[in-house]
Amino acid sequence: TTSKGEWVEIENSVGRTLKKNFGNFPPCKPIIVAGEKISSEAIKMLNLNSCFGVKDGKILVVKEDK
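Notes on the structure follow. (Residues numbered from 1 in each chain as written. Predicted model: local features only at pLDDT ≥ 70, side-chain atom pairs only at ≥ 80, totals over all residues. Heavy atoms only, no water.)

**Some points on the side chain of Ser13**
Inspection of the secondary structure assignment puts Ser13 in the loop between β1 (5-9) and β2 (22-24). Within polar-contact distance, the side chain of Ser13 engages the backbone oxygen of Ile10 at 2.6 Å. Contacts of Ser13, omitting those with residues within four sequence positions, involve Val8, Ile38, Ile43, Ile59 and Val61. (Helix = DSSP H or I, 4+ residues; strand = E, 2+ residues; numbered from the N terminus. Polar contact = N/O pair within 3.5 Å; in protein donor to acceptor, adjacent residues only side chain to side chain. Contact = heavy atoms within 4.5 Å.)

Put into structure tokens, the structure is as follows:
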């Protein structure tokens, strides 16, 4: 998407809209793709020892207007 993003702690990302795909590797398939809402189930599937789209325990989400 063309909207701005912000990195948020994984535990604070549930219900937010994902800006950058994230998932486990192998097999390098996203658990959620950009534009989808993040669910607690998806976070539980994430293996922080071997994942992509996560940086320092944070996930890139669409920035919310305040």
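Read on for the rest.
**Quick notes on the nonpolar core**
Counting 13 residues, the largest nonpolar core has Phe22, Ile38, Val54 and Ile59 as its most contacted members. Contributions of two or more residues to this core are made by α1 (40-45) and β6 (58-62). Filtering out sequence-adjacent residues up to four positions away, Ile59 remains in contact with Glu6, Trp7, Val8, Ile10, Ser13, Leu18, Phe22, Ile38, Ile43, Gly53 and Val54. (Core = buried A, V, L, I, M, F, W, Y, C linked by side-chain atoms within 4.5 Å. Buried < 20%, exposed > 50% of the residue type's maximum accessible area, 1.4 Å probe, protein only.)

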